[in-house]
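Architecture and fold: a report
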Amino acid sequence: MTDLERLRSVNEPLLKWYCLNARELPWRENPLPYRVWISEIMLQQTRIEAVKPYFERFMKELPDVTDLAKVEEDRLMKLWEGLGYYSRARNLKKAAEQIVNEYGGQMPSCYQQLVKLPGIGSYTAGAIASIAYNETVPAVDGNVLRVLSRVLASREDILKQSVKKRMEVMLRETMPKEAGAFNQGIMELGETICIPNGKPRCEECPLMQLCLACQEKLTDEIPFKTAPKKRRCEERTVCILEYHNQIGIRKRKATGLLASLYELPNVEGYLKPEQLAEAFGLDSEAIISCEPLPAAKHIFSHVEWHMAGYRIRLGRELPKTYISVQKEELKTIYPLPNAFGRYTKLIK
């Protein structure tokens, strides 16, 4: 059996399985193009259970493309707070503005138009086009690559764009007309049965009889992907600066890591208590107390922050170099990234 013949054989059992096992998810209840788009962007790098409340809140406040195009960036970042990879949200707004200006506020209805929008690559364009418009195009992500690699017993590196392109080409030739159900079905299979971490549940898989990796006992070896580069570690000192009910925060630069987001004051290196006043631009005589806080760690894609923390209570107003905000405003207005989550939880 050739690879193409094997992939065609996948269609019928996969569609039957998906029909019986599809999970009830908020974005599946009413798969309008805008809802599919927002859900797919949120689901990148994020677990389904974590996305659900974000999706519901986002849809309630920004129910259509026009609302998204108009929203202020700080409010958008607050809605996105905790999901990480904030460039995704900025690209959503850029794309929404383009849709309003070029398409009259209506989502483009074909893959070739969708893939030209900011933040929409081949996978997301394929997902929107197939699920919302039933265009016969694939949506190949990590889950799909894992399933296909195992079905075909392919040892190619799934992190290579050339491998992804080849899989997309094969699916275009073999996938059924029920494109939306097929794409969701193979993604669902990768998320729940042919799982990324741990042993796949082959005995529950509708493709077990077709899967070469299962037959040849290669599921521990396939899919193959090159080992990621080792992340760089950075030591940082983070401070909660308090004056009565006010907290001092800063806004980060418009480029680079966590661009344009608000942050708790922090500097490179582990500082001792006697170094804090100078490092954070404080008058040492204004410091009422300095309390050490638990260490924290946050992992980005290419760097790790290893953080030491302090709570500094001041007897006079915060220096003008900081944005002074009420504690309650941190919950409702100012978006602080998860990198500072260990410390923002200590602000009471």
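See the structure printed just above.
Notes on the structure in this doc start here. (Residues numbered from 1 in each chain as written. Predicted model: local features only at pLDDT ≥ 70, side-chain atom pairs only at ≥ 80, totals over all residues. Heavy atoms only, no water.)

Considerations on the overall build of the protein
- Check the secondary structure of the protein and you find 16 helices and seven strands.
- Dimensions of the protein, computed from C-alpha atoms along their principal axes, come out at roughly 80 × 50 × 30 Å.
- Counting all 348 residues of the protein, 51% fall into the buried class.
- Considering only residue pairs separated by 6 or more positions, the protein has 69% of its internal contacts joining residues 24 or more positions apart. (Helix = DSSP H or I, 4+ residues; strand = E, 2+ residues; numbered from the N terminus. Buried < 20%, exposed > 50% of the residue type's maximum accessible area, 1.4 Å probe, protein only. Contact = heavy atoms within 4.5 Å.)

Examining the packing of helix 10 (residues 142-152) against helix 12 (residues 179-192)
- Viewed as axis vectors pointing N to C, helix 10 and helix 12 meet at an angle of 85°, and their least axial separation amounts to 8 Å. Taken together, the axis directions place helix 10 and helix 12 in an arrangement best described as roughly perpendicular. Facing helix 10, whose interface residues are Asn143, Val144, Arg146, Val147 and Leu148, helix 12 presents Ile186, Met187, Leu189, Gly190 and Glu191.
- A breakdown of the residues in the contact of helix 10 with helix 12 according to their chemical character gives six nonpolar, two polar and two charged. (Axes fitted to C-alpha atoms, helices over the stretch in contact; angles between N-to-C directions. Parallel < 35°, antiparallel > 145°, perpendicular 65-115°, else oblique. Nonpolar A, V, L, I, M, F, W, Y, C, P; charged D, E, K, R; others polar.)

Focus: helix 3 (residues 33-43)
- With ten of its eleven residues buried, helix 3 lies for the most part within the structure.
- Listing the buried residues of helix 3 in full gives Pro33, Tyr34, Arg35, Val36, Trp37, Ile38, Ser39, Glu40, Ile41 and Met42.
- In the core, the buried residues of helix 3 are packed alongside helix 2 (26-29), helix 4 (48-61), helix 5 (65-70), helix 6 (73-80), helix 7 (87-103) and helix 9 (122-133).
- Once helix 3 finishes, Gln45 follows within two positions and takes phi at roughly 65°, a positive value.

Side note on the pattern of salt bridges
- For the structure shown, the criterion picks out 24 salt bridges.
- Residue Glu61 is joined to Arg75 by a salt bridge in which the shortest nitrogen-to-oxygen separation is 2.7 Å. Placement of the pair is Glu61 in helix 4 and Arg75 in helix 6, with a sequence separation of 14 residues.
- Take Arg75: its relative accessible area is 29%, and that puts it in the partly exposed class.
- Residue Asp283 is joined to Arg316 by a salt bridge in which the shortest nitrogen-to-oxygen separation is 2.8 Å. Here the residue Asp283 occupies a position in the loop between helix 14 (276-279) and strand 5 (287-299), and Arg316 occupies one in the loop between strand 6 (303-314) and strand 7 (323-326), the gap between them amounting to 33 residues.
- According to the relative accessible area criterion, Arg316 is partly exposed, its value standing at 41%.
- Among the charged side chains, a salt-bridge network with shared partners connects Glu242, Glu291, Arg311, Arg313 and Lys327. (Salt bridge = Lys/Arg side-chain N within 4 Å of Asp/Glu carboxyl O.)

Side note on the layout of surface pockets
- One number sums up the size of the second largest pocket: a volume of about 360 Å³.
- Around the second largest pocket sit 18 residues that line it, and Glu81, Leu330, Lys331, Thr344 and Lys345 are the ones nearest its centre.
- For the lining of the second largest pocket, the secondary structure elements donating two or more residues are helix 4, helix 15 (327-332) and helix 16 (341-344).
- Element by element, the count of residues in the lining of the second largest pocket is highest for helix 15, at four residues.
- The class makeup of the residues in the lining of the second largest pocket is six nonpolar, four polar and eight charged. (1 Å grid on protein atoms, 1.4 Å probe; cavity = no way out; pocket = protein on both sides within 12 Å on 5 of 7 lines; lining within 4 Å. Points joined across faces, edges and corners; volume = space filled by probe spheres on them.)

Section: the packing of helix 9 against helix 12
- For the pair helix 9 and helix 12, the least separation of the axes is 7 Å and the interaxial angle reads 130°. Judged on the interaxial angle alone, helix 12 and helix 9 are oblique. Here helix 9 runs over helix 12; the crossing is left-handed. In contact with Tyr123, Gly126, Ser130 and Ile131 of helix 9, helix 12 contributes Ala179, Gly180, Asn183, Gln184 and Met187.
- Here the residues of the contact of helix 9 with helix 12 are counted per class, giving four nonpolar, five polar and no charged. (Left-handed = near helix turned anticlockwise from the far one by under 90°.)

Details of the side chain of Ser149
- Along the chain, the position of Ser149 falls in helix 10.
- By relative accessible area, which is 1% here, Ser149 ends up buried.
- In terms of polar contacts, Ser149 uses its side chain to reach the backbone carbonyl oxygen of Leu145, at 2.7 Å.
- In this structure Ser149 touches Ser154, Ile158, Met167, Ile222 and Pro223, once residues within four positions along its chain are discounted. (Polar contact = N/O pair within 3.5 Å; in protein donor to acceptor, adjacent residues only side chain to side chain.)

A closer look at the pairing of strand 1 (residues 232-243)
- Across the twelve residues that make up strand 1, a large majority, nine, are buried.
- Taken together, the eleven bridges between strand 1 and strand 6 define a ladder with parallel strand orientation. In the strand pairing of strand 6, Glu242 is matched with Arg313.
- Once strand 1 ends, the chain turns through two residues before running back antiparallel as strand 2 (residues 246-251), passing His244 with a positive phi of about 55°. (Pairing = 2+ DSSP bridges.)

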